[in-house]
Amino acid sequence: MEHTYQKVVAQNISNLRKEACLSQFAFAIKAGIEVKTLRAAEHADGNLELSTLEKIAEALGVPVVQLFEGVLGSSSELNFLTDLLSGSVNEK
């Protein structure tokens, strides 16, 4: 079964939150997001805004790009995303 990137990101968020031993409620407070937003993120329900991904990653103590680990065939895209988020990509 092929996974969409949303499903992979959702699973990564859920796994990392559980590794931190935080309930959805406690984590939502820590991240400064609504519980319903976190539930949607963990169930791949819709598209997340970059600002929400940044809040989630910061609360988890990981770079945003780590939330995308496991997306098949995306290593070059993840490298680009890492460079873009770090400011290493020059806009033309």
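All figures in this text were calculated on a predicted structure; none of them were measured in a lab.

**Student:** Looking at this structure, I do not really get the overall build of the chain. What am I missing?
**Tutor:** When helices and strands are tallied, the chain shows 5 helices and 0 strands. Going from the N terminus to the C terminus, the chain shows its helices and strands as α-α-α-α-α. Out of the 92 residues in the chain, the part that is buried amounts to 34%. Put simply, of all contacts in the chain between residues at least 6 apart along the chain, 54% involve residues at least 24 apart. In the structure as shown, the chain presents an accessible area of about 6,200 Å², 51% of it carried by carbon and sulfur atoms.

**Student:** Sorry if this is basic, but what is going on with the packing of helix α2 (residues 24-31) against helix α4 (residues 50-60) here?
**Tutor:** Any two packed helices are characterised by how steeply their axes cross, that is the angle between the axes, and by the distance between the axes. Contact geometry for α2 and α4: axes closest at 9 Å, N-to-C directions at 105°. One way to sum up the angle between α2 and α4 is to call them roughly perpendicular. Contacts from Phe27, Lys30 and Ala31 of α2 reach α4 at Lys55, Ile56, Ala59 and Leu60. For the contact of α2 with α4, the per-class residue count stands at 5 nonpolar, no polar and 2 charged.

**Student:** Looking at this model, I keep getting lost on the packing of helix α1 (residues 5-19) against helix α3 (residues 35-42). Mind explaining?
**Tutor:** With their axes 7 Å apart at the nearest point, α1 and α3 run at an angle of 120° to one another. Classed by the angle they form, the pair α1 and α3 counts as oblique. Residues Ala10, Ile13, Ser14 and Arg17 of α1 pack against Leu38, Ala41 and Glu42 of α3. Looking at the contact of α1 with α3 residue by residue, the classes come out as 4 nonpolar, 1 polar and 2 charged.

Calculation rules
Throughout this document, residue positions are counted from 1 along each chain, in the order its sequence is written. Local features in a predicted model are, by the rule used here, given only for residues with pLDDT of at least 70; side-chain atom pairs are given and counted only at 80 or more, and totals for whole chains, interfaces and linings are based on all residues. The basis for every side-chain value is the complete set of heavy atoms in the structure, and neither hydrogens nor water enter the calculation. We count a stretch as a helix when DSSP gives it H or I for four or more residues in a row; a strand needs E for two or more, and each element gets its number in order from the N terminus. Throughout, exposure labels follow a simple rule: accessible area from a 1.4 Å probe, protein chains only, divided by the maximum for the residue type, with under 20% read as buried, over 50% as exposed, and the rest as partly exposed. Contact between two residues is taken to exist if any of their heavy atoms lie within 4.5 Å; hydrogens are not considered. Note on areas: Shrake-Rupley, 1.4 Å probe, and residue coverage restricted to the protein chains presented here. Axis definition: a line fitted to C-alpha atoms, limited for helices to the stretch in contact. Angles are taken between N-to-C directions and run from 0 to 180 degrees. Should an angle lie under 35 degrees it is considered roughly parallel, over 145 roughly antiparallel, and from 65 to 115 roughly perpendicular; all remaining angles are considered oblique. By the convention adopted, Pro, Cys, Tyr, Trp, Phe, Met, Ile, Leu, Val and Ala count as nonpolar, Lys, Arg, Asp and Glu as charged, and the other residues, Gly among them, as polar.

This is a description of form; function is not addressed.
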